[in-house]
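# An overview of the molecular structure
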Amino acid sequence: MGSCQSSLYQDCLSSSDIRYDSSVPSSILLQDPRWGTLTGYFRVEYHNFDPLNGGAERPIPYFYRGSPLVDGPYDRSKMVAFYNHSVTDDGEGSRLIMNRYYFRPPAPLDFCSMPSLPPLESYECGVTGYSEFAAIYAALNHENDGTLSTARATGFYAPGVSSDADEGSLVTLVDDHTFEIAFRIDGVYSTVQSLVFFDNQTATISAVTTNMHRKAITAASTGKILRLTEHQFLRQIQETNNAYNVPDELRIPSPMTSDEVPGLEGTFPSEEEWCGGLIDDKSCTVSPYQEPDAKMKGGFIAMFVVIGLVLFGAIAFLIHRRMLKMQEKRYKEHFVRGIAKHINITPTSGQVMSAEMLKKEFDLIDKDGGGTISKEELKKFLNSGKVGSMDDKDFEAMWTVLDVHNTGEIDFVEFTVFLSSCGAEFDAISKEQKLMTKEEKIDYASRRISSVHEKNKKIVDIEDPDFNDIGGADSRVGKEEKIEEEKICDDAAQ
């Protein structure tokens, strides 16, 4: 099969659809270096808003269900987060790991002075802060358009311990400055985060979460982002743990010693989940966008069809021409063999036969003595049985050549012209005669003598009756017959 890169074939799909371009690298940063802006260590100062009542989000009465963050005595209007975004394989891989630490300060004293708040074990209202881990895992997909497919969200981002993403959960490079992270679970909720970088050091973030059951926005926040060094990242996490008085059992290890943190074991995607289970990581799955077999351009198809027809026609013409040549050779040989019954063939006889010899042969075929040879007379001559019969097609072809004037009869001139074209056939039969054995020559001579008797009988029959009465014709013919018989016998004896 031809290649679509050839000028003969239609353009490759990859020339107009990047999804079919197999040369697009399977590395996030090699595919687009701008992704490097999203990687690294960051500090985020969040402000949370009440999407239902407006204003800053306030602490709410809490009912302990094992997750104090959901309903807990914390200041919900502001939050500090630390992001660690990295690309696997030391920046050369196809997967983006976004690990995030969230911290909430203790609740304000006026909230804690509310009567009838239920007790919360290990936490002291207005004194104890809170921290929780969250992560998003994404990888390059086969769209080759700068998007990553999200596999899973864990911790703070999931209703439970973790949530597998549904279709449409993407991390997208929108432009030189903007990144968008979309995570959705069909029928449950949808979250969209937009990060806009002003330079390599500072950016903003906005996040909105919509609850599909309630048909309402349930969380909205904005924040300022500042890039940190790894040392600053680790030091500030520890400082925030201390400043917010986060209990030791809630402090998240930093730096992380594995892909997961305590309490979230088994949530990091396995290799099977990366490679076709949850998503199709470009680096370990086969693209569904395969370049189809190349199709030849219509113009070239037409050209090759024309060339094919021309070649076919040329071959057919050559074959037909060869068949005509073979047919011509057959009927000429057949005709010359008929002549050979009456005369001794020598090389190039067709060119040097005397007018008298030609006239004798013509008269022999012209049975009715009318001065022309009809189709029936010629066919009878050729199918006499002594040289075999001629195929009807060959006979018709030969007749067409002989009857130059298309009169339905052959005159002496046409007869002579045809014999003059049979030189090669005369030569071939002359060679055959020379190669005959003695027995073959005697048999051949016998047939020629028989033919001479038959010819001379015809001559006597057509002479003047008065001349026959005095014996002139018989005497002359007998003398000629005897001379010819002696010549035939001499030829056979050689």
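Preceding this paragraph is the structure being described.
Let me sum up the structure you'll find in this document. Computed from a predicted model, the values in this text were never measured in an experiment.

With that settled, the discussion passes to the overall build of the protein chain. Helix and strand counts for the protein chain come out as 14 helices and eleven strands. Counting across all 494 residues of the protein chain, residues that qualify as buried make up 41%. When the accessible surface of the protein chain is split by element, carbon and sulfur atoms take 55% of a total near 26700 Å².

Mapping Thr178 onto the fold places it in strand 8 (residues 178-185). On the accessibility criterion, Thr178 (16% relative accessible area) is buried. In contact with Thr178, not counting residues within four places along its chain, are Thr172, Leu173, Leu195 and Val196.

A word on the nonpolar core. It is characteristic of soluble globular proteins that their nonpolar side chains tend to be buried jointly. Counting 33 residues, the largest nonpolar core has Tyr83 and Val171 as its most contacted members. Once residues within four sequence positions are removed from consideration, Val171 is found in contact with Trp35, Leu38, Leu96, Met98, Ala138, Gly146, Thr147, Leu148, Thr150, Glu180 and Ile181. In terms of nonpolar packing, the next biggest core, distinct from the first, is built from 24 residues, Phe103, Ala135, Phe233 and Leu250 among them.

Two numbers describe how helix 8 (residues 375-382) lies on helix 9 (residues 392-402): the axes approach to 12 Å, and their chain directions differ by 125 degrees. Looking at the two axes, helix 8 sits oblique to helix 9. Of the two possible hands of crossing, helix 8 and helix 9 adopt the one that is right-handed. Residue-level contacts link Lys375, Leu378, Lys379 and Leu382 of helix 8 to Asp392, Phe395, Glu396, Met398, Trp399 and Leu402 of helix 9. In terms of residue class, the contact of helix 8 with helix 9 is built from six nonpolar, no polar and four charged.

We now examine the pairing of strand 5 (residues 147-155). Where burial is concerned, most of strand 5 is hidden: nine out of the nine residues are buried. Of the strand pairs in this sheet, strand 4 (residues 130-140) and strand 5 are connected by seven bridges, and their pairing is antiparallel. Residue pairing across strands places Ala134 opposite Gly155, the latter belonging to strand 5. Between strand 4 and strand 5, which follow one another and run antiparallel, lie six residues, and Asn144 among them has a positive phi close to 55 degrees. Bridge count between strand 5 and strand 7 (residues 170-173): three bridges; the pairing is antiparallel. Residue pairing across strands places Leu148 opposite Val171, the latter belonging to strand 7.

Thresholds applied
- Residues numbered from 1 in each chain as written.
- Predicted model: local features only at pLDDT ≥ 70, side-chain atom pairs only at ≥ 80, totals over all residues.
- Heavy atoms only, no water.
- Helix = DSSP H or I, 4+ residues; strand = E, 2+ residues; numbered from the N terminus.
- Buried < 20%, exposed > 50% of the residue type's maximum accessible area, 1.4 Å probe, protein only.
- Areas by Shrake-Rupley, 256 points an atom, 1.4 Å probe, with all protein chains shown as cover.
- Contact = heavy atoms within 4.5 Å.
- Core = buried A, V, L, I, M, F, W, Y, C linked by side-chain atoms within 4.5 Å.
- Axes fitted to C-alpha atoms, helices over the stretch in contact; angles between N-to-C directions.
- Parallel < 35°, antiparallel > 145°, perpendicular 65-115°, else oblique.
- Left-handed = near helix turned anticlockwise from the far one by under 90°.
- Nonpolar A, V, L, I, M, F, W, Y, C, P; charged D, E, K, R; others polar.
- Pairing = 2+ DSSP bridges.

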